[in-house]
Amino acid sequence: MCEPVDTNPHGLNDFDRRVDAVRQLLAAKKLLSVDELRRGIEAIPQAEYHRLSYYERWIRSIADNLLRTGVITEQELQSALDET
Amino acid sequence: MSILETDGSRLLAAVAVLLDRKGLVSDEAIRERIALTDAAEPAQGARMVARAWTDPDFRAAMLADGTQAAESLGIMMRGMPPLGVLENTAAVHHLVVCTLCSCYPRAVLGYPPFWYKSASFRARAVRNPRELLASEWKTIVPASVKLRVVDSTADYRWMVLPLRPAGTDGWDEARLAAIVREGDMIGVTCPVAA
Amino acid sequence: MMFAAGDTVRVKDEWPEAAGPVHIRTPHYVRGVTGQIVRFLGDFPNPEDLAFARPAEKKPLYHVCFRTGAIWPDANPDDDVTIEIFEHWLERP
């Protein structure tokens with residue numbers, strides 16, 4: 001971790017912005033707290049955590065939490081994935 | 001393979017479709033939220049700093065309650081965590097970090113920059129902050145000045161009120177606001193008269 | 001509220017992570033370290049419960065200041081780190 005800090009600007013892409021917005025909207029509807037988001041991120045296995053981008057970790061945590069709290073079911077998610 | 005290991009874009013598309021079908025989050029709401037989020041940017045924090053430099057009453061109000069001070073300038077704070085303001089003085093320089101994740105005063109500074117979220121910034125900011133600021137930002141905090149790192153761990157969000165630089169006497173608010181950068185309000189840099 | 005500005009406090013040297021999945025907002029580097037209360041910040045729902053979507057009781061939150069020399073022996077002893085810490089993580093030394 002004692003490596004140089006990349007201080008270059010990195011703009012957000014559409015995916016990043018959409019994930020960020022979904023997180024905010026779910027929080028506003030009390031369907032996902034920021035602490036649940038953080039818990040889900042911390043639960044990602046280490047190797048994968050390092051492979052994923054910042055917002056890839058977020059969407060993974062969001063999906064994990066929505067499944068846990070029953071807002072969506074694994075079956076629903078699987079069929080939605082099959083459609084896309 | 002776990003369903004959660006699905007590629008991020010596909011996962012987002014599927015989650016968004018389900019949330020839309022359930023009437024929880026529409027595509028339109030997402031677009032509106034993106035527009036609102038994009039509108040928050042460092043210029044808003046810079047406006048607060050410039051006002052604090054020119055109006056002692058506002059400065060006192062901002063240090064006492066950052067949220068109210070931001071709202072008084074028309075910045076949207078509803079639904080946002082409380083904002084705390086850390087005043088740099090001739091004796092103390094503040095540096096904000098979130099070692100546990102990436103808590104950032106987004107209402108007044110916008111999306112956190114890439115470096116703020118990096119493991120190296122987060123680790124080095126608490127372990128060796130003077131060396132970090134000197135090597136990455138050429139910011140030298142004099143030995144006579146206390147460096148106070150603020151690790152943003154819980155429910156507040158923190159911004160730095162930097163010192164007004166020399167050579168800005170008589171400048172109006174707009175001109176002052178224009179020299180205040182994102183990093184100045186996190187404490188990795190200090191404003192200079194441009 | 002148990003503590004007032006200026007009180008000396010120690011962060012509990014506890015490691016609930018070892019017992020199973022938890023979500024803790026008290027950084028590892030400050031566990032067991034003694035510091036001083038700067039001020040009371042308000043009562044906030046306990047993130048350790050919020051993280052698991054459990055009902056969360058409000059807990060007092062403080063800004064606590066630690067000399068960096070108390071955390072890392074080679075650090076500049078005059079510098080410090082200020083951290084938000086919940087009351088249930090603090091004890092009198």
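First, a word on what this report is: a plain description of the structure on this page.

Rules used in this analysis
- Residues numbered from 1 in each chain as written.
- Chains lettered and ligands numbered in written order.
- Predicted model: local features only at pLDDT ≥ 70, side-chain atom pairs only at ≥ 80, totals over all residues.
- Heavy atoms only, no water.
- Helix = DSSP H or I, 4+ residues; strand = E, 2+ residues; numbered from the N terminus.
- Rg over C-alpha atoms; globule rule 2.2 N^0.38 Å.
- Axes fitted to C-alpha atoms, helices over the stretch in contact; angles between N-to-C directions.
- Left-handed = near helix turned anticlockwise from the far one by under 90°.
- Contact = heavy atoms within 4.5 Å.
- Nonpolar A, V, L, I, M, F, W, Y, C, P; charged D, E, K, R; others polar.
- Phe/Tyr/Trp six-rings, centres within 6.5 Å; stacked < 30°, edge-to-face > 60°.
- Buried < 20%, exposed > 50% of the residue type's maximum accessible area, 1.4 Å probe, protein only.
- Lys NZ or Arg CZ within 6 Å of the ring centre and 35° of its normal.
- Salt bridge = Lys/Arg side-chain N within 4 Å of Asp/Glu carboxyl O.
- Core = buried A, V, L, I, M, F, W, Y, C linked by side-chain atoms within 4.5 Å.

So, the overall build of chain C
Counting secondary structure elements, chain C contains two helices and five strands. In chain C, the order of α-helices and β-strands from amino to carboxyl end is β-β-α-β-α-β-β. Here chain C has a C-alpha radius of gyration of 14 Å; the compact-globule value for 93 residues is 12 Å, and the two agree. Seen through its C-alpha atoms, chain C measures out along the principal axes to roughly 40 × 30 × 20 Å.

Brief notes about the packing of helix α5 (residues 74–83) of chain A against helix α1 (residues 8–21) of chain B
Across the interface, α5(A) lies against α1(B) with an axial gap of 9 Å and an inter-helix angle of 115°. As for the relative orientation of α5(A) and α1(B), their crossing is right-handed in sense. For the pair α5(A) and α1(B), the contacting residues are E76(A), L77(A), A80(A), L81(A), D82(A) and E83(A) in the first and R10(B), L11(B), A14(B), V15(B), L18(B) and R21(B) in the second. A class-by-class count of the residues in the contact of α5(A) with α1(B) yields seven nonpolar, no polar and five charged.

Observations regarding the packing of aromatic side chains
Per the stated rule, a full pass over the model turns up 14 aromatic pairs over all chains. Ring geometry for Y104(B) versus Y116(B): centroids 4.8 Å apart, planes at 65°, classification edge-to-face. Placement of Y104(B) in the loop between β2 (92–97) and α6 (106–109) and of Y116(B) in the loop between α6 and α7 (119–127) is noted, with a sequence separation of twelve residues between them. Summarising the burial analysis for this pair, Y104(B) and Y116(B) share the class buried. The structure contains a cluster of three or more aromatic residues connected by ring pairs, namely Y104(B), W115(B), Y116(B), F121(B) and W137(B). The residue whose ring lies beneath R39(A) is F52(C), and the NZ or CZ to ring-centre distance is 5.6 Å. In this arrangement the basic side chain of R31(C) is found over the ring face of W15(C), its NZ or CZ atom lying 4.7 Å from the centre.

Description of the environment of Q46(A)
For Q46(A), the position within the fold is in helix α3 (residues 46–51). Along the backbone, Q46(A) and Q75(A) are 29 residues apart, and their C-alpha atoms lie at a distance of 27 Å.

Section: the pattern of salt bridges
Charged atoms that come close allow side chains of opposite charge to pair. Taken as a whole, this structure holds 23 salt bridges over all chains when the rule is applied. The partner of R10(C) in a salt bridge is E91(C), with the nearest N and O atoms 3.2 Å apart. Separated by 81 residues along the polypeptide, R10(C) in strand β1 (residues 8–11) and E91(C) in strand β5 (residues 90–91) bring together distant segments of the chain. Looking at R10(C), the relative accessible area reads 29%, which means it is partly exposed. Among the ionic pairs, R31(C) bridges to E17(C), the shortest N-O distance being 2.8 Å. Taken together, the residues R31(C) in the loop between β1 and β2 (34–45) and E17(C) in the loop between β1 and β2 connect sequence positions 14 residues apart. R31(C) gets classed as buried once you look at its relative accessible area, which sits at 7%. The network of salt bridges with common partners includes R18(A), D27(B) and R31(B).

With respect to unusual backbone geometry
A positive phi angle is found at K30(A), which is not glycine, with a value near 60°. Positive phi, close to 55°, is recorded for K138(B), a residue that is not glycine. For K138(B), the position within the fold is in the loop between α8 (129–137) and β3 (146–151).

A few points about the nonpolar core
Membership of the largest hydrophobic core comes to 77 residues, with the highest contact counts inside it found for M48(B) and F121(B). Looking at this core, the element that brings in the most residues is helix α3 (residues 42–54) of chain B, giving six residues. Ignoring any residue separated from it by four or fewer positions in sequence, one finds F121(B) in contact with V5(A), L95(B), V96(B), V97(B), W115(B), Y116(B), L132(B), W137(B) and V188(B). Core analysis: the second largest hydrophobic core is formed by 34 residues, L32(A), Y54(A), I3(B) and A14(B) among them.

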